[in-house]
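Summary of structural features
Single-letter residue listing:
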Amino acid sequence: MNSHPAFHFISGLPRSGSTLLAALLQQNPRFHAGMTSPVGSLFSSMLNQFGAGSEFGPVITQAQRKRLLQGLFYNYYAEQCGSPVIFDTNRLWCSKLPALMELFPDARVIACVRNVAWVMDSIERRYRANPFENTKLFSDETERNTVYSRVDTLAQRNRLVGFAWAALKEAYYGEHAKSLLLVEYDLLAQAPEKVLRLIYDFIGEPYFEHDVEHLHYDAPAFDQALGLAGLHKVRPRVALEPRTTILPPDLFEQYANLDFWRSARHSAANVIRAKEAGSPQPNGTQTSMPV
C-alpha cells in the first residue's frame, strides 16, 4: 500500500486568489494547503545540481534524479503525513509541468488567474499601503520611482508578474494542459461553493462543505520580510469587492487585454469562466458557469 500522500499544485498569477484558495482548501481535514512554500526553490536548486555544467551531473542517473526530487516532496511534507492530499503552492509550477507529470502522473495543477491590469492594481495598492518601506519587489530607485516604472518592472519576463504570466501561458498551450485547471479570481470570490465543487471534480475528491463566512489566513512574518505588509492576509468572508483602479488609465489599458485564457482555441486546458448571458458553451474541456 502506498503510504505517500497525493500531490496537487496551486500556481498561476500573483494576487489572483491562490492564498484564498489555500485558506479554503485547508478547511478540509483531508487536505494540507498553504501559501507559497520553499519546495519550488529547492526543486530548481536540485535541478541545477543535476544539469549540464555541474560536476555532479554526469554521475547522477535519471532514476536517481527522479527519486531525489520525489524525496524532496515526501520529506518536506513528512510532518503532514496524516493528510492524504497535499497542495503545494508556487508560481514556478506552471513552468515545470513536464517534470511534475513525470514525478506525479496523477497530479493536477490549479492555476489562479485574474485580469493582469487588476493584478498590477492590487500589487500597487499593497505598495502604497506601505509608504515607509522599500519592498524587495524592486531592486533600486529606478525601478520603484513611479507607478509606471514599478508596473513595467513587474511585467518583465523574469519578474513577479511577467514570469508567472509567461509560465502560465506555456502550460496553457503545452502538452500537459489537460492536467491544468484555470480559476478566475472574480468567480472564486463571487461563487466560491460553485467553483470549489468544480475543483473537487477536477482532482477527483469527494466534496467537503466549506465555511466561506469564517476564514483565517495570515503570514505577517513572511510579508514583513518581503516589505509588503498584508500581502497574504485573507479576509474573514469570501466576497468580491468592486473598486476603481488606482492605475492611470493608459497603464491600466496597456495590461487589460492579456487574459489569453479567455480563448479556448489551441488549448486542452480546463478553464472555469463566467457564462455570459446568451453566449454558447465553449468547446472542448472549457467550463463556463453562471454567477
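- Under an unreviewed UniProt entry, the name given to the protein is Sulfotransferase, and the source organism is Zobellella iuensis.

1. Some points on the environment of Ser263
- One can find Ser263 in the loop between helix H12 (249-255) and strand E6 (270-274).
- According to the relative accessible area criterion, Ser263 is partly exposed, its value standing at 30%.
- Not counting residues up to four positions away in its chain, the partners in contact with Ser263 are Tyr172 and Arg273.

2. Quick word on helix H1 (residues 18-25)
- In terms of burial, H1 is a largely internal element, eight of the eight residues being buried.
- The set of residues buried in H1 consists of Ser18, Thr19, Leu20, Leu21, Ala22, Ala23, Leu24 and Leu25.
- Contacts made by the buried residues of H1 are with strand E1 (6-12), strand E2 (31-32), strand E3 (85-89), strand E4 (109-113), helix H9 (185-190) and helix H10 (192-203).

3. Things to note about the packing of helix H5 (residues 116-128) against helix H8 (residues 160-172)
- The geometry of H5 relative to H8 is characterised by a closest axis approach of 11 Å and an angle of 150° between their N-to-C directions. Relative to H8, the element H5 lies roughly antiparallel. With respect to the hand of their crossing, H5 and H8 are arranged in right-handed fashion. Here H5 contributes Val116, Val119, Met120 and Ile123 to the contact with H8, which in turn contributes Leu160, Val161 and Trp165.
- When grouped by side-chain class, the residues that make up the contact of H5 with H8 number seven nonpolar, no polar and no charged.

4. Here's the deal with the nonpolar core
- Within the largest apolar cluster, 54 residues are counted, with the highest numbers of intra-cluster contacts made by Phe9, Phe73, Leu168, Leu180 and Leu182.
- It is H8 that contributes the most residues to this core, seven residues altogether.
- The contact partners of Leu182, leaving out residues within four places of it in the chain, are Ala111, Val113, Leu168, Tyr172, Trp261, Ala269, Asn270, Val271 and Ile272.
- Formed by 29 residues, the second largest nonpolar core is a distinct cluster that contains Ala22, Phe31, Val195 and Leu215.

5. Section: the pairing of E6
- In terms of residue burial, E6 counts as a mostly covered element, since four of its five residues are buried.
- Pairing analysis gives three bridges linking strand E5 (residues 180-184) to E6, with the strands arranged parallel. Within E6, the position partnered with Leu181 by the bridge is Asn270.

6. Quick notes on the packing of aromatic side chains
- Under the counting rule described, the total for this entry stands at 23 aromatic pairs.
- Ring centres of Phe43 and Trp93 lie 5.3 Å apart, and the angle between their planes is 85°; this geometry places the pair in the edge-to-face category. In this pair, Phe43 sits in helix H2 (residues 39-50) while Trp93 sits in the loop between E3 and helix H4 (97-103), placing the two residues 50 residues apart along the sequence.
- Here Phe260 and Trp261 contribute two aromatic rings whose centre-to-centre distance is 5.3 Å and whose plane-to-plane angle is 80°, an arrangement assigned as edge-to-face.
- A residue is classified by how much of its surface remains accessible, and Phe260, at 11% relative accessible area, is buried.
- The class for Trp261 is buried, based on a relative accessible area of 1%.
- Stacked on the ring of Phe202, the Lys or Arg Arg108 has its end atom at 5.9 Å from the ring centre.
- Taking the ring centre of Tyr185 as reference, the NZ or CZ of Arg114 above it sits at 4.3 Å.

7. Overview of H10
- With twelve residues, H10 should reach 16 Å at 1.5 Å per residue; the first-to-last C-alpha distance of 16 Å fits that figure.
- Within H10, the full set of buried residues consists of Pro192, Val195, Leu196, Ile199, Tyr200, Phe202 and Ile203. Projected down its long axis, H10 shows its buried positions confined to an angular sector of 160°, all on one face.
- At the exit of H10 stands Gly204, carrying a positive phi of roughly 75°.

8. Let's talk about the confidence of the model for the protein
- A residue-level look at the protein finds 86% of positions with pLDDT of 70 or above and a mean pLDDT of 88.
- The model gives residues 277-284 a pLDDT under 50, and that stretch makes five contacts with residues more than four places away or in other chains.

9. What about the packing of H5 against helix H7 (residues 147-154)?
- For the pair H5 and H7, the least separation of the axes is 11 Å and the interaxial angle reads 125°. By the criterion of interaxial angle, the relationship of H5 to H7 is oblique. By crossing handedness, the relation of H5 to H7 is classed as right-handed. The residues of H7 that touch H5, namely those facing Met120, Ile123, Glu124, Tyr127 and Arg128, are Val147, Arg150, Val151 and Leu154.
- Taken together, the residues of the contact of H5 with H7 sort by class into six nonpolar, no polar and three charged.

Calculation notes
- Residues numbered from 1 in each chain as written.
- Predicted model: local features only at pLDDT ≥ 70, side-chain atom pairs only at ≥ 80, totals over all residues.
- Heavy atoms only, no water.
- Helix = DSSP H or I, 4+ residues; strand = E, 2+ residues; numbered from the N terminus.
- Buried < 20%, exposed > 50% of the residue type's maximum accessible area, 1.4 Å probe, protein only.
- Contact = heavy atoms within 4.5 Å.
- Axes fitted to C-alpha atoms, helices over the stretch in contact; angles between N-to-C directions.
- Parallel < 35°, antiparallel > 145°, perpendicular 65-115°, else oblique.
- Left-handed = near helix turned anticlockwise from the far one by under 90°.
- Nonpolar A, V, L, I, M, F, W, Y, C, P; charged D, E, K, R; others polar.
- Core = buried A, V, L, I, M, F, W, Y, C linked by side-chain atoms within 4.5 Å.
- Pairing = 2+ DSSP bridges.
- Phe/Tyr/Trp six-rings, centres within 6.5 Å; stacked < 30°, edge-to-face > 60°.
- Lys NZ or Arg CZ within 6 Å of the ring centre and 35° of its normal.
- Expected span 1.5 Å × (residues − 1).
- Arc of directions from axis to C-beta.
- pLDDT = per-residue confidence, 0-100.

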